[in-house]
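Okay, here's what each chain looks like letter by letter:
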Amino acid sequence: MLPTNRLLDTLAELSRLALGETDLQVLLDRTVTRLAETLEAEFALVLELMPGGDAYVLRSGVGWRPGLVGRTVVPTGSDPPFLRDHGVTSSLSATIPGQPQPFGVVGIHTTRRRRFTAAEQTLVQLVADLLASAAARRRTEQLLGESETRFRLLSDSGILGIFLADLTGRINEANDSFLQMLGYTREDLQAGRLRWDCLTAPEYAHLDAYALEEIQRTGTFTPYEKEYLRREGSRVPVLLAGGLVGAEGLCIAYIVDLTTRRRAEVRFQALFESVPDAILTVDQRGHIGLVNAAAERAFGYPRADLVGRNIESLVPERLAGQHAAQRVRYMAQPTSRPMGLGMDLVARRKDGAEFPVEVSLSPMQSSEGAWIICVVRDISERLASQALSRREICPKS
């Protein structure tokens, strides 16, 4: 039986390292070394569960053959094959907890048969808990560091407006980006002339009320879009997010100016509508999303009837099944290309009339998923003109 003081000394040392600023890899390496020494085991290891939870990687270890640590991957649900290769006959391990999945496993292994005492089992479990706390804390510090960096970059770049306000409407502090966004000065802020409820365009007041109710109930509010009124009366579209800070009932808000995006949307819409060819976007299920005016004219449907309709309703019924199968195959490997090279393509109008078309396909990825952009050109006039030319060149005798 191992002396209790040796177990306590090991636990004390690893606790100091876990609670300090020690790098996680250094902590893991020291842990396996101390466990092997304290429990008189030839081998010790930490297996880290990989994203997805289907395999472990040997993150740290002592006693194993060179080249295994950091490179060996073990599927979950199976014993590491290197245990057998090293003649291991007895093992003691514990799961290292974590969220949303366990961090991994810590364990010791020996080549001689051995029954581990309750104290030894408790030590390994306590070490697993220490490692879990250390890994979680370092992950949190990493995320905070990344968030602070992103926040600083956004704030310094002028993209992000920020203000601190109370829930009655008074804005107590704001950064220069927010003041410049709305055309106010720091003197206006200090004089108490800025209130978030008065800055909001009247038709968006109900959204502010929803956000106020949500922040009082949960501490944060769901980001939403609205318009602020500038000092000279014009409007600025914004995206707003935020939450409560401290115990004084103050709210911090982050504001993104959407003016550039709105201008881009207007330019895109103008271009979209001016194209003479029919344009439709189709999702993975075959449902139509966006359509332009040319698509309404080509297919004879008003826009409201096209949106949400299955794309197969725009091809002749006899071809609908074939078209659906081709669409599924295309979505599996989408590329920009003409549709049906070497084939005579036909579309169907609302009244059932069929007309010849050329179709170009392009994949598009958005926050809503994958889409196909379909550009459909009615080639009825071209084919008629070509047929007329052929008759003129080769008249019937």
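Analysis parameters
- Residues numbered from 1 in each chain as written.
- Predicted model: local features only at pLDDT ≥ 70, side-chain atom pairs only at ≥ 80, totals over all residues.
- Heavy atoms only, no water.
- Helix = DSSP H or I, 4+ residues; strand = E, 2+ residues; numbered from the N terminus.
- Buried < 20%, exposed > 50% of the residue type's maximum accessible area, 1.4 Å probe, protein only.
- Contact = heavy atoms within 4.5 Å.
- Pairing = 2+ DSSP bridges.
- Axes fitted to C-alpha atoms, helices over the stretch in contact; angles between N-to-C directions.
- pLDDT = per-residue confidence, 0-100.
- Expected span 1.5 Å × (residues − 1).
- Arc of directions from axis to C-beta.

Colleague: Which parts of the structure should I look at to understand the overall build of the chain?
Modeller: The helix and strand inventory of the chain stands at 13 helices and 16 strands. Looking at the 397 residues of the chain, the share that counts as buried comes to 40%. Restricting the contact set of the chain to residue pairs at least 6 apart, pairs at least 24 apart contribute 48%.

Colleague: What am I meant to see in the sheet that holds strand 7 (residues 171–174) here?
Modeller: In a beta sheet, neighbouring strands are held together by backbone hydrogen bonds and run either parallel or antiparallel to one another. On the basis of which strands lie adjacent, the open sheet formed by 5 strands has the order 7-6-10-9-8 and antiparallel pairing. The sheet is open, and its two borders are formed by strand 7 and strand 8 (220–229), each paired with just one other strand. Averaged over all neighbouring strand pairs, the angle between strand axes comes to 30 degrees, with direction disregarded. Where strand 6 (residues 160–166) lies against strand 7, 3 bridges are found, and the strand directions are antiparallel. Looking at strand 7, one finds that A165 is bridged to I171. Together, strand 8, strand 9 (235–245) and strand 10 (250–257) form the strand contacts of helix 8 (residues 205–218), whose direction differs from that of strand 8 by roughly 155 degrees.

Colleague: Would you explain the sheet that holds strand 4 (residues 90–96) in this entry?
Modeller: With antiparallel pairing, the 5 strands of this open sheet are ordered in space as 3-2-1-5-4. Looking at which strands have only one partner, the edges of the open sheet turn out to be strand 3 (73–75) and strand 4. Each neighbouring strand pair of the sheet contributes to a mean axis angle of 30 degrees, computed without reference to strand direction. Relative to strand 5 (residues 104–110), strand 4 runs antiparallel, the two being bridged by 7 bridges.

Colleague: Can you walk me through the confidence of the model for the chain in this structure?
Modeller: Interpretation of this model should avoid reading the predicted coordinates in detail wherever pLDDT is low. For the chain, the mean per-residue pLDDT works out to 85, and 88% of the residues sit at or above 70. Here helix 4 (residues 118–157) stands out as the element of the chain with the lowest mean pLDDT, 69, in contrast to strand 1 (residues 43–49), whose mean of 95 is the highest.

Colleague: Is there a simple way to think about unusual backbone geometry in this case?
Modeller: The phi angle of most residues is negative, glycine excepted, and most peptide bonds adopt the trans form. Non-glycine residue E40 carries a positive phi angle of around 50 degrees. With respect to the secondary-structure elements, E40 resides in the loop between helix 2 (24–38) and strand 1. Given a relative accessible area of 40%, E40 falls into the partly exposed group.

Colleague: For this particular structure, what's the right way to read helix 8?
Modeller: Each α-helix winds once per 3.6 residues, and so residues spaced three or four apart point in a common direction. Along its 14 residues, helix 8 runs 20 Å from first to last C-alpha, staying within 8% of the 20 Å computed at 1.5 Å per residue. For helix 8, every residue scored as buried is listed here: D208, A211, E214 and I215. Take helix 8 and look down its axis: the buried residues cluster within an arc of 125 degrees, on one side only. Every exposed residue of helix 8 that faces more than 90 degrees away from the buried side is listed here: Y210, Q216 and R217. Check the buried side of helix 8 and you find it contacts helix 7 (196–199), strand 8, strand 9 and strand 10.

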